[in-house]
Amino acid sequence: PTPAEVAELGVRARTLVAGLPDGAPMRGIVSGGSGTNVSRLLGRERTTPVARADLDTGLDLLLTMRAAELAAATGLTERRVRQLAAGVAIVGALMDRYGLDVTDVSDAGLREGALLALARIGDRWLTGAAQSVGIGGGRAAGNAHIRA
C-alpha cells in the first residue's frame, strides 16, 4: 500500500469502531490472521502479544518492502501480505477505541469463541457476551475479543 492508502485505512477503521459500545476492558485478544500475521511479519511466534508500536512497525514494513519480499521472508502469501495493512488498521483502531496498549493473540478463531460462549452461558451468549466482557453492559473491566 501507499502511505496515502494506509492513512485512509486508518481513518476508515477509526470511523467504523467509533460506533461500537463504550467500554474499558482490561485485556484484549486478537484472533484470526491479523494478530498472528503481524507477529509473523515481525519474525516472532504467531501468538506473541501485539503492542501498538508493533502495529506501527508492521505498517512501516508493509510500506517499505514489496509484498513478494515479505511473503518470502515470512511464509505468508503475497495476497495476505497485501491485505494485512487493512487488518493492522482495524486492530489499531480497536486498541485505541478501548484504550489497550497491548493485546494478546490467539490462534483460535471466531467460531471457537462462539462455541465457548455458547457452552459457558447458553442461548443468551450473543447478548450476554458484550456484558460479560465489559462492553456496553456498564461494567468497567473485562476482556475484549478483537476479531480482525
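Here the residue numbering is sequential within each chain, running from 1 through the sequence in written order. Confidence filtering applies because this is a predicted model: local features only for residues at pLDDT of at least 70, side-chain atom pairs given and counted only at 80 or more, and all residues used for totals across whole chains, interfaces and linings. By convention in this description, side-chain values take in all heavy atoms of the structure and omit both hydrogens and water.

### Digging into the confidence of the model for the protein
Alright, step 1. Chain-level pLDDT for the protein is 84 on average; 84% of the residues reach the 70-or-more range.
Alright, step 2. How sure the predictor is of each residue is captured by pLDDT, a score from 0 to 100. Contact criterion: two residues are considered in contact whenever any of their non-hydrogen atoms come within 4.5 Å of each other. Scored below 50 in pLDDT, residues 134-142 shows 25 contacts in the model against residues more than four places distant or in partner chains.

### With respect to the side chain of Ser106
Alright, step 1. Helix numbering and strand numbering both begin at the N terminus, where a helix is a DSSP run of H or I of at least 4 residues and a strand a DSSP run of E of at least 2. Relative to the assigned elements, Ser106 resides in strand β3 (residues 102-106).
Alright, step 2. Definition of a polar contact: a pair of N or O atoms within 3.5 Å, with one able to donate and the other able to accept a hydrogen when the atoms are protein atoms, and with sequence-neighbouring residues admitted only if both atoms are side-chain atoms. One polar contact links the side chain of Ser106 to the main-chain amide nitrogen of Ala108, over a distance of 3.0 Å.

### With respect to the packing of helix α1 (residues 3-18) against helix α5 (residues 78-97)
Alright, step 1. Here α1 crosses α5 at 45°, and the two axes come no closer than 8 Å. By the criterion of interaxial angle, the relationship of α1 to α5 is oblique. Crossing geometry of α1 relative to α5 is assigned as right-handed. Contact residues: α1 offers Leu9, Gly10, Ala13, Arg14, Val17 and Ala18, while α5 offers Ala85, Ala86, Ala89, Ile90, Ala93, Leu94 and Arg97.
Alright, step 2. Only Asp, Glu, Lys and Arg are considered charged, only Ala, Val, Leu, Ile, Met, Phe, Trp, Tyr, Cys and Pro nonpolar, and every remaining residue, Gly among them, polar. Classifying every residue of the contact of α1 with α5 by side-chain character gives 10 nonpolar, 1 polar and 2 charged. Only the contacting stretch of a helix is used when fitting its axis, a line to C-alpha atoms as for every element, and angles between N-to-C directions run 0 to 180 degrees. These descriptions rest on fixed angle ranges, namely under 35 degrees for roughly parallel, over 145 for roughly antiparallel, 65 to 115 for roughly perpendicular, and the rest for oblique. By the definition used in this description, the sense in which the near helix is turned from the far one sets the handedness, with an anticlockwise turn below a right angle giving left-handed and a clockwise turn giving right-handed.

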